[in-house]
Amino acid sequence: MTDDNSVLPTSGNLVIIGNGMVGHHLVKTLVEQGDASPWTIHVFAGENRPAYDRVHLSALFDDQTPEDLCLSPEQWYRDNRVTLHLNDEVVEIDRDTKTVVTAAGVRQEYDALVLATGSYPFVPPIPGHEHENCLVYRTVDDLDAIKRCAGNAKRGVVVGGGLLGLEAANALRLLGLETHVVEFAPQLMPVQLDETGGALLRKEVEALGVHIHTGMKTERIDAGEQHTLRMDFEGHEPLETDMIVFSAGIRPQTAWAAGAAWNWVNAAASWWTTSAAPRTRRSSRSANARSGTTGSSGWWRRATPWRAPWPRC
Ligand SMILES: Cc1cc2nc3c(=O)[nH]c(=O)nc-3n(C[C@H](O)[C@H](O)[C@H](O)COP(=O)(O)OP(=O)(O)OC[C@H]3O[C@@H](n4cnc5c(N)ncnc54)[C@H](O)[C@@H]3O)c2cc1C
């Protein structure tokens, strides 16, 4: 291994960090090559279950189970001689020895390394956001936490009136909570819609019984009197709630690897998608393409075909 992109391996140990939809698609594509694949594949997953269809996560609030969303069960990895480490995050990449090290202490040497670590939900650093009833909406475990919390709640607030925020609000609504959406911008989905579109959407969402508060900046979260929490806003009356779901955007999951591996990882990614493995070229885009959506990096901005999270009125 070198940092020079011109010398790249074509076989050996392939380590894939991350078992989301993209990491899984890469594994599946390689497995489909059968004996033609020159790689021994090791996958490290931060979550405690194999990759699942995150795009349809909200179906867990209908009649679907995590098993229904599973892309390939653990047995599939075993059958295809892929070593899958669940619930064990890679915490270090040692470029000198070409080894990854996990939180549980597993060390695995690699010839090629792919980071498919995706994104994490951004939680604005509002004082009080650490409260146990402040949650996010990204994983099966997050949704379990929301369901648990909602069991003792009467009112829920979603911070963020974008696509995902509205999806989360619909989930709270389905759980029977009095649901509020707090959005910093003067309208819903400010990135995708103009003022007229925002006003129309607001009307539809309000018709479903959801309370919309736009132009509201949350300043702090404290203990409430009637409900568990009280949200204080700049220039507005406080709002009490029993739980808060933050849906204020996502950030790429790269901080832990910063400085450790970028040259090499970039080299691996560009090599992987352009030369050595032609059948895997579309690895990153395909996971999203299959669901009729666009690449993950720009989906917040592009307002491309999303499933409508709201029932038609
Ligand atoms: C409710 C919901 C609805 C969505 N709907 C749409 C939609 O309609 N259209 C659309 O285009 N997109 C949608 N998205 C976004 C889409 O799910 C993501 O773009 C896609 O799942 C990204 O896949 P990924 O594999 O790159 O990353 P992720 O899904 O983020 O998966 C990355 C995985 O890597 C793991 N990981 C991270 N760091 C490490 C580490 N150090 N060691 C081991 N593992 C690690 C994480 O635990 C995670 O499981 C939606 C997302 C949500 C939450």
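The structure we're discussing is the one just above.
Residues numbered from 1 in each chain as written. Predicted model: local features only at pLDDT ≥ 70, side-chain atom pairs only at ≥ 80, totals over all residues.

What to know about the sheet that holds strand β15 (residues 236-241)
- If you trace the three strands from one edge of the open sheet to the other, you get β13-β14-β15, paired in antiparallel fashion. Among the strands making up the open sheet, the edge pair consists of β13 (218-223) and β15. Across this sheet, the average inter-strand angle for adjacent strands is 20°, counted without regard to direction.
- Two strands pair when backbone bridges link them, and strand β14 (residues 229-233) and β15 are joined in this way by four bridges, in the antiparallel orientation. Note that in β15 the partner of Arg-230 across the bridge is Glu-240. (Pairing = 2+ DSSP bridges. Helix = DSSP H or I, 4+ residues; strand = E, 2+ residues; numbered from the N terminus. Axes fitted to C-alpha atoms, helices over the stretch in contact; angles between N-to-C directions.)

Quick word on helix α4 (residues 140-150)
- Those residues of α4 not exposed but buried are Ile-146, Cys-149 and Ala-150. Buried residues in α4, looked at end-on, bunch into an arc of 95°, giving them a common side. Facing away from the buried side of α4 by over 90 degrees, the exposed positions are Asp-141, Asp-144 and Arg-148.
- Where α4 is buried, its residues meet β9 (134-136), β10 (155-159), α5 (163-174) and β16 (243-246). (Buried ≥ 20, exposed ≤ 12 C-beta atoms within 10 Å, placed from the backbone. Arc of directions from axis to C-beta. Contact = placed C-beta atoms within 7 Å.)

Here's the deal with the sheet that holds β9
- Taken in spatial order, the five strands make up an open sheet running β9-β16-β10-β11-β12, and their pairing is parallel. Two strands lie at the open edges of the sheet, namely β9 and β12 (211-213), each paired on one side alone. Averaged over neighbouring strand pairs, the angle between their axes works out to 25° when direction is ignored.
- Looking at chain direction, strand β11 (residues 178-182) and β12 are connected through three bridges and run parallel. When the bridges of β12 are listed, Val-181 appears paired with Ile-212.
- Packed on one face of the sheet, α4 meets β9, β10 and β16 and runs near 145° to β9.

A word on the pairing of strand β4 (residues 90-94)
- Both β4 and strand β5 (residues 99-102) contribute to a ladder of four bridges, which runs antiparallel. In the strand pairing of β5, Glu-92 is matched with Val-101.
- Where β4 hands over to β5, the hairpin turn is made up of four residues, of which Lys-98 adopts a positive phi near 50°.

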